Structures are given as structure tokens and as C-alpha cells.
Amino acid sequence: MTTALQSGNAFRPIAHELEPILQVLAERGAGREGHGRGTVLGHLTGTYDVLIGWGQPERVCLAGLLHNAYSTDAFAGAMFRPSERNVVRGLIGAEAEQLVHQFGGLSRDELFQTLGSGPPSGRQTLSLPDRRGGPALKLSSRDVGDLLVIYLANVADQACMSDAGPTYWLASASQLAVLAARRAEVVPPILDHCRATVSTEAEEVGLEAYDTALRFVARDRAAAVEWLELASRHLPWVGEPLIWLGALYLVAGEAAAARIAAAEGAMLMQKWGTPWDKRLKLSEWVGLAECLASRRNEGPTLATALDAVTASPRDLVLALANLATPDAAARDNIRADKPALPPRFRTYLARQASDSETRVGVSMYPGLTARPWHSAERFPIARALENSARAIALEFAALRPELFCDEAEDIARTGRWSVLFLEKNGVRRDEVCNLCPTTAAVLETHRQEIGGAGVAYFSCLDPGTRIAPHRGATNTRLRLHLGLEVPTECGMSVGGVDGHWQEGRCAVFDDSFIHSVWNDSARRRVVLIVDLWHPDLTPHEVAVLQWIGG
């Protein structure tokens, strides 16, 4: 039996290596300069990520990554002088730099007013003054489309209240999206592919209803549902109200409705590529939706946990994290004096204490989903690694061969199996991580998924290498592989199910199943391996397992 580990494109459509660009931005202070809720660098990479998610052309994505490099009409902190345009061209290419130059010189209000004053003009070039002085900026129709999409991503990444809650921006953004749809080479998937508009009145009603609903969650579930449904009717293009509704539908015993609402909410949020309610990260919102979609009969327990919600989505995270906790007061597994754990944990401890064979062999934790292969799509770190796959591959290629050593595990093999650890037994190897900043940054960003679960390392199989069947030490972790160099005639079998890597794609499997690996090709096979906590474990269980392992 054979299954493909992943399908789809091997890489995002970005050919440039990002690390040199990010390094230059950091050297010029982007990581220190404040901007909105974070730093200039954070905003630039956030804008870039949104554009990547929208499938924009390379020039647009790279221009988004440096869109305020020369300052803008809304941000005065230039990182590059006008005399340094050749430097920027060297970083991102001439087409992207031209967009950055235009973005910095335009008055956005004047551009929007000009475009919105009438039907699209038949002229091929639009001439607008450069706010910095000098010759007028000449914009082709394609330039205008590119710039409008960058403006959209720019506002989507940063628009929020001071507490990161949602604010008023969708109405104006929807008007901008309509203009962009007429000219953009690739129309963003938001707002029904930029065809729908949001009125100012609808946005006001929707925002107020959302804010009010969150205040009712703990004391009047029915009222909270009514307010959230009102918010969703007026703002049908954002997903957060639907995810909240999913939680409340589950409490009401409507598991099917909860799954539908949560799935639709996650889909809408992934189209935006950034949250509307930025009090949680996109990965956290999507994780909530996935959690709700997997629940069936836990409404009563969730109802108790929701009693502690204080109008913040962070409380919803805590509530869902404690579905297996009978005492809502113990919702914080770090601060609680006696964090509650499900009965299966006691079963696990009893097995550990009484079965010496288990302790020295494979440590099986009861009640976890057991299957050889898991869908990588459900793990935010997998998506992040795939988005950075090209940069990670380049970082690997630059590593010196002498840094690698033979894999030390007592597993029979023919040929050579060499490794280089970024993290081992929960300890970060700074000397390696410093050589692989993009890889290390993804690992650090997704610390909650991997912290203490095991290892992260590059794994190389020389041509003709075969690794005999073996199994990992526990089912509490899953093992992720990101394909970096994948020749034909290589693969692995897990629990009797064969699979094959793809470059730039992740595969996730349970290595407590017997598995074997082969590379029968004439080229080396390289993957990045990262251990993840099994997604069925609760945060309490993970915390205690980390403590036991530490």
C-alpha cells in the first residue's frame, strides 16, 4: 500500500532567498524600530506573509516585504536613502524596487481618490505627484494593481485597537479591494475575491455586536449567540465570530453546528492570512477551530470553563485547553497548584511503575489516536516550515560537511546516515541555530507545538543507504519531516504503509509504529526532522510530561 506524504506545489512561488534581505533589514534597525503592536520588521514580514497567502506574484510579495523602506506618507522612518535604490534593487530586484519607490512617494489618499473618482480610465499610465518632490510618478495599470494589493495587505496586517482587538477598517478596505480587483494580476481571495463591499454601517453594527457578545459569554450564553450571529450577518467575511459561535453551539449540544461554524470561520481567516481580532495569532484561531471541530460530547465541561471568559479570546483558548479539567479554576496548568489530569494519565503512570519492559522499550500513552500517518495540514508548524522551505534548504546547503556526524542510535543500517542537531533533549544548540536563522525562527515561533517533545535536526541519507525497521520510544510525540533534497527511489514505510517525501512539503508520522527508510538512488536524501507533541494530549498532560522528562 502506498500513499503520497503530501501533494501540491513544492514551494511557494518566491525564488529569492529571504535571509539576506531580513539580515539587511535587521542591520538597518527594522527589528528595533517600533511600529504598531511590534516592530517594523514584524510588520514587514507580516505584510509579506499575507501577500504570500494571497498567491501574489514574486515582485508584489518582495515589494511588500520592503514597502516602507524609503518611508511612506504614513511612516517617516526611512531605512534606505533615495541614493541607495541600487542597494534595494540588489536585494529584491528591479520590478519590486520600483513598486517600493512608488509606494514611498505616493499620497495614498490622492491615489485612492483619483481611482475612485470615476470608471477605470483607458489610459495606460497614471501620473501622480511624488510627495518627496522631483518628477511625477508614472504608474502603469499593472503598477496600480500591485500597489493596491500591497496597501490592502499593509492594512490587513496592522489594523487593530490598542489591545489588538478589531477596529474599523473593513469598509474602507473593501472599497480598495474593488479597485484592486479591476487591475490586480492575481485577485486576493478575500471579500469574495474582492467583489463584496462592507458598508460603514454594517461594520459599526458588526463590531459592536462582536464586542458585546464576548461580554455575555460567561453570563448569558443565549444572548452571546444572538450577538455573535448578528456580528456574522453584518461581517460575513471574517471568521472570528463563527469560531466563538462554534464554542457556544458545542455548549448547547449542537456538535454538528459547532463543527460547521468552526470550519467556516477557519476558512475565512485563512483567506485573509491574518486575524481580524489580533488578540490571538492566526495559528491560535485556526487551532481553536480545529479543536472545536474535533469535539463531540464535551459541551457541559466547556460550559463550566466558559464561566471564566472575560471578553478576551485568550480565555477561550484556556477554556478549550481545559475541556478535560473538571475544575475551571485550574485552567492555567502553569500557575495552578494542582492541575487536573484525565484518568488516562494515571493509567500511564501505573504502567510505567509496574511494567519494566514498557519503561525500557516503547512507552505507550493510553487514549491517543493511533495511525501511522497524520495529516500535516493540521499542524501550524508544518505550514510555517513549508512557507520557509526554500530558505531552509539554502541554509542547509551552506552548512559545512564537517559539522555533521553519524547518527548514534543503535539502529542497523547499510550506508551512511548523518545528522546535525538544532535542538536535542529540549536544549537549543546555539552554534547551529545561529547558522540557520530562518529554521531556528520557525522552531521558536512554534515552541508550544514542539517544546520538550524531543529533537530537531537535519538528517542525510547517502546514496544506497537503508535503515532497518525500528520504532521510536513513545507515542506521545509525532515526527515531522520536511523534504529538502528528495531524489527518486527513496521512501519510508510506517506501520506497513509506504510513503515518499516531496521537496518543500511536510509529512507527519507516528514513529512508535515500526518503520524503515531507504535511499536506493544515486543522490543523497535530506530532510529536516522535528518532534511534535501528539495533538490529542491536553496542555496539562504536556506540561506534566515535560516536567517528568526534564
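First, a word on what this report is: a plain description of the structure on this page. (Residues numbered from 1 in each chain as written. Predicted model: local features only at pLDDT ≥ 70, side-chain atom pairs only at ≥ 80, totals over all residues. Heavy atoms only, no water.)

The secondary structure content of the chain amounts to 24 helices and 18 strands. A buried classification covers 53% of the 550 residues belonging to the chain. Total accessible area computed for the chain in this model is approximately 23800 Å², and 51% of it derives from carbon and sulfur atoms. (Helix = DSSP H or I, 4+ residues; strand = E, 2+ residues; numbered from the N terminus. Buried < 20%, exposed > 50% of the residue type's maximum accessible area, 1.4 Å probe, protein only. Areas by Shrake-Rupley, 256 points an atom, 1.4 Å probe, with all protein chains shown as cover.)

Moving on, we come to the pairing of strand β18 (residues 525-533). Where burial is concerned, most of β18 is hidden: nine out of the nine residues are buried. Side chains Arg-525, Val-527, Ile-529, Asp-531 and Trp-533 project from β18 onto one buried face, and the interleaved Val-526, Leu-528, Val-530 and Leu-532 project onto a second face that is buried too.

The subject of this paragraph is the side chain of Asp-146. The topology assignment puts Asp-146 in helix α7 (residues 141-158). Dropping the residues within four chain positions of it, Asp-146 is found in contact with Arg-59, Val-60 and Leu-99. (Contact = heavy atoms within 4.5 Å.)

Take the packing of aromatic side chains next. Inspection of the entire model under this criterion finds eight aromatic pairs. Among the aromatic residues, those joined into a ring-pair cluster are Phe-103, Phe-112 and Tyr-151. In this arrangement the basic side chain of Arg-525 is found over the ring face of Trp-501, its NZ or CZ atom lying 4.8 Å from the centre. (Phe/Tyr/Trp six-rings, centres within 6.5 Å; stacked < 30°, edge-to-face > 60°. Lys NZ or Arg CZ within 6 Å of the ring centre and 35° of its normal.)

Another aspect to go through is unusual backbone geometry. Phi is positive for His-193, which is not a glycine, with a value near 55°. Structurally, the position occupied by His-193 is in helix α9 (residues 190-194). For His-193, a relative accessible area of 38% translates into the label partly exposed. A positive phi angle, close to 65°, is found at Glu-489, a residue other than glycine. Inspection of the secondary structure puts Glu-489 in the loop between β13 (477-485) and β14 (490-494). Note on Glu-489: relative accessible area 55%, which makes it exposed.

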